[in-house]
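Okay, here's what each chain looks like letter by letter:
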Amino acid sequence: MTLGLREVLDHPVMRRADPVVPDPGADLERPVRWVHSSEIYEIAPLLRGDELLLTTGLGLAGRDAGERRRYVVDLAQAGVAGVALEVGRTFGEVPADVLRVAAEVGLPLVVLRGIVPFVEIAEAVNAAILDSAVTRLRHVNEIVRVLSGVLARGAGVDELTRTLARLTDRPVVLAGIDGTITAWAGTDTPSHVAARPAASAGVELRGSLWGRLLLGPTGSGAAAWTGLAPEAGAAAGVTGDDAEDRASVRSWSGAAGGLADEVAEHAARVFAPALLRLADRDGWVGRERRELVEGLLRDALPPREVAARLTVCGLVPAGTAAWASVALRLPDPVRAVTVLYEGLRACGGRGLVSDGPDGAYALIALDRDTHVAELAGRLGLPAATGDEPTAALGPLVRDVARVGHSLRAARDTLRLARRVRSVRPEPVADTVLADAWALERVLDRLTPEDLADLVEDQLGPLLASDAARGTGLVDTLEAYLRCGCSKTETAGVLFLRRQSVHQRLALIESLLRVSPDAPDRQGPLRAALTARALLTTRGPHPM
């Protein structure tokens, strides 16, 4: 926590040092986080910023004008709140070049004309800073306590806004991420407050930014608490026994400006449940997200419209490096939506969640490019229900206009994985990745006739041999390709001797008139094997 520089100079102990500020344009509203004393010339690298540095100038003794300039510039670049130079010891008066440089770089320079031990100043002012931190925290907690009480009695966003305006003696505006003003109090021109707020904080709904709570500049100060009418005071939780609390909150507007940001940040968390009540009652938050998800799944939204719709739903595309999507299917649809919200929090991503056809869906905005498999692990999605996969992740896309493609790929992959799991030669994961099922998705768009032609063209002789003699050539070919054309691994997978695998592969090569090791044939053969599995799950086929 901090005090303003002006408040520090007005402290009784500091006033004994008779401080004056030669530069009339010096910024005395700067926050002072700590008071520190040092006579070291190269002190700037050791400071963290927002300190008031006390010095007698001993480190400048014997330094030329260039070195004194460097000293002042370094302190300004270190972000110190100001320098208090005691005259009468090292310098009879502050060197003119130091005064000039300090004004040039905007570093407040305080001249201490009286002698007060620096340790005494530091102890007194730092104690006041710490006490200010406790007081500020109490102010914030008291305002939040009153707002929470009003919320508990069933208040909506309008009453919360009016209560916060009275408590702080500031205009209060609640605006959506698209700029739509939902509620306001303490002002007749909410758009002016929204354009130039004194403090603001984001309001999140179910893990996504919905909008902002905005506080305008403080008013007279007397209206806070004392300006409440008796009935309004009762509604806000103020009783005759709350004199100390009234005084605590009433004095908040005179504290350092950062307090307004703290109040906005904490109050925003109280507004969120009231917004959710409104959303659940009127359905506008859920409706917007559901319409967006359904539009993307149907591929019914023009690319130029996707970014705008995302923003309205609270997911601003700005700053997004990549987009991911999740499709989740659980027996309980409400549980599915909850799981996705929890997953978003676990992975620290920005996103939106909605129920939709055949399950729940999430769109995730990533601040950095992330491998989709890594993201799947961070989401912590549940294990499979029975032997069916539970979730699918769509491919990462970098263009917001392709978000719908990712979402549709996630949905289609989950449907496919659940459909063909029983005929897949290897187990299907609980969470499947659309990238790994790209071939299946493409082939599944073909007609059964086209799939059958592909299977017959590539595997016809093997299928005929298997049907006539039970040679198991198709299964051998599939295992061989899956094992990276390793005969040893294929033998292990099929529980055969290696010599048997050699014999089968020789027969396969003879029937196909080409080696399955040929690079130009492996792609078509894999596609035909995949088409055969898809045909099997579409209904009765001879394959």
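Residues numbered from 1 in each chain as written. Predicted model: local features only at pLDDT ≥ 70, side-chain atom pairs only at ≥ 80, totals over all residues. Heavy atoms only, no water.

## So, the overall build of the protein chain
A count of helices and strands for the protein chain gives 21 helices and 16 strands. Here the protein chain holds 543 residues, and 48% of them are scored as buried. Within the protein chain, contacts between residues at least 6 apart in sequence are counted, and of these 69% link residues at least 24 apart. (Helix = DSSP H or I, 4+ residues; strand = E, 2+ residues; numbered from the N terminus. Buried < 20%, exposed > 50% of the residue type's maximum accessible area, 1.4 Å probe, protein only. Contact = heavy atoms within 4.5 Å.)

## Some points on the sheet that holds strand S15 (residues 391–393)
As summarised here, the arrangement of the five strands in space is S13-S14-S12-S15-S16, forming an open sheet in which the pairing is mixed. On the outer flanks of this sheet lie strand S13 (350–356) and strand S16 (431–433), each paired with one strand and no other. Along the sheet, successive strands turn relative to each other by an average axial angle of 20 degrees, direction set aside. Pairing of strand S12 (residues 322–328) with strand S14 (residues 359–366) involves seven bridges; the strand directions are antiparallel. Bridged to Leu328 within S14 is Ala360. (Pairing = 2+ DSSP bridges. Axes fitted to C-alpha atoms, helices over the stretch in contact; angles between N-to-C directions.)

## Some thoughts on the sheet that holds strand S7 (residues 109–112)
With mixed pairing, the five strands of this open sheet are ordered in space as S2-S7-S6-S5-S4. Each edge of the open sheet carries a strand with a single partner, namely strand S2 (19–20) and strand S4 (34–37).

## Points about the packing of helix H17 (residues 448–469) against helix H21 (residues 519–538)
At their nearest, the axes of H17 and H21 sit 8 Å apart, and the two run at 120 degrees to each other. Judged by the inter-axis angle, H17 sits oblique to H21. The element H17 and its partner H21 pack so that their crossing is left-handed. On H21, the residues that touch Pro448, Leu451, Ala452, Leu454, Val455, Gln458, Leu459 and Leu463 of H17 are Arg521, Pro524, Leu525, Ala527, Ala528, Leu529, Ala531, Arg532, Leu534, Leu535 and Arg538. Within the contact of H17 with H21, the residues separate by chemical class into 15 nonpolar, one polar and three charged. (Parallel < 35°, antiparallel > 145°, perpendicular 65-115°, else oblique. Left-handed = near helix turned anticlockwise from the far one by under 90°. Nonpolar A, V, L, I, M, F, W, Y, C, P; charged D, E, K, R; others polar.)

## A few points about the pattern of salt bridges
The final tally for this structure, using the stated rule, is 24 salt bridges. Across the pair Asp367 and Arg350 runs a salt bridge, and its minimum N-O distance is 3.6 Å. Of this pair, Asp367 sits in the loop between S14 and helix H14 (372–379) while Arg350 sits in strand S13, and the two are 17 residues apart along the sequence. Put simply, Arg368, Glu374 and Arg378 are held in one network by salt bridges that share partners. (Salt bridge = Lys/Arg side-chain N within 4 Å of Asp/Glu carboxyl O.)

## Observations regarding the environment of Val474
Turning to its location among the elements, Val474 is positioned in helix H18 (residues 473–482). Look at Val474 and you get buried, because its relative accessible area is 1%. As for Val474 and Ile508, which are separated by 34 residues in sequence, their C-alpha atoms are 8.6 Å apart. Once residues lying within four places of it in the same chain are set aside, the contact partners of Val474 are Leu462, Leu463, Asp466, Leu529 and Arg532.

## A look at the side chain of His11
Relative to the assigned elements, His11 resides in the loop between helix H1 (5–9) and helix H2 (12–16). Within the structure, His11 has its side chain in polar contact with the backbone nitrogen of Val13 (distance 3.1 Å). Residues in contact with His11, not counting those within four places in the same chain, are Ala124, Val125 and Ala128. (Polar contact = N/O pair within 3.5 Å; in protein donor to acceptor, adjacent residues only side chain to side chain.)

## Details of the packing of H18 against helix H20 (residues 498–512)
H20 packs onto H18 with a crossing angle of 105 degrees between their chain directions and a minimal axis gap of 10 Å. Viewed along their axes, H18 and H20 adopt a mutual orientation that is roughly perpendicular. Together, Leu473, Thr476, Leu477 and Tyr480 of H18 and Arg504, Leu505, Leu507, Ile508 and Leu511 of H20 make up the contact between the two elements. Its residues assigned to classes, the contact of H18 with H20 shows seven nonpolar, one polar and one charged.

## Notes on a negative patch on the surface
On the surface, a cluster of negative charge is contributed by Glu449, Asp450, Asp453, Glu456 and Asp457. With respect to the helices and strands, Asp457 occurs in helix H17. (Patch = residues over 30% accessible without salt bridge, like charges linked within 9 Å, V, L, I, M, F, W, Y side chains within 5 Å. Areas by Shrake-Rupley, 256 points an atom, 1.4 Å probe, with all protein chains shown as cover. Lys, Arg positive; Asp, Glu negative; His and termini not counted. Charge placed at Lys NZ, Arg CZ, Asp CG, Glu CD.)

## Some thoughts on the nonpolar core
Of all hydrophobic cores here, the largest spans 51 residues; its most connected members are Leu310 and Leu459. In this structure, Leu310 is in contact with Leu292, Leu315, Trp323, Leu352, Leu363 and Val400, ignoring residues within four places of it in sequence. Core analysis: the second largest hydrophobic core is formed by 34 residues, Val140, Leu167, Leu174 and Val203 among them. (Core = buried A, V, L, I, M, F, W, Y, C linked by side-chain atoms within 4.5 Å.)

## Focus on helix H6 (residues 157–168)
When the terminal C-alpha atoms of H6 are compared, their 16 Å separation across 12 residues agrees well with the 16 Å that a helix rising 1.5 Å per residue should span. Turning to H6, its buried residues number three or more, namely Val157, Leu160, Thr161, Thr163, Leu164, Ala165, Leu167 and Thr168. (Expected span 1.5 Å × (residues − 1).)

## A look at the packing of aromatic side chains
Taken as a whole and assessed by the stated rule, the structure comprises one aromatic pair. Ring centres of Tyr41 and Tyr71 lie 5.8 Å apart, and the angle between their planes is 25 degrees; on these two criteria the pair is classed as stacked. Taken together, the residues Tyr41 in the loop between S4 and strand S5 (51–55) and Tyr71 in helix H3 (residues 65–77) connect sequence positions 30 residues apart. The exposure class of Tyr71 is buried, given its relative accessible area of 8%. Lying over the aromatic face of Tyr41, Arg63 brings its terminal NZ or CZ to 3.9 Å of the ring centre. (Phe/Tyr/Trp six-rings, centres within 6.5 Å; stacked < 30°, edge-to-face > 60°. Lys NZ or Arg CZ within 6 Å of the ring centre and 35° of its normal.)

## Considerations on unusual backbone geometry
For Cys485, which is not glycine, the phi dihedral falls at a positive 60 degrees. If you trace the backbone, Cys485 turns up in the loop between H18 and helix H19 (487–494). The class for Cys485 is partly exposed, based on a relative accessible area of 22%.

## Some thoughts on the environment of Leu463
Within the element layout of this structure, Leu463 appears in helix H17. Sequence separation of Leu463 and Leu473 is 10 residues, and the distance between their C-alpha atoms is 7.7 Å.

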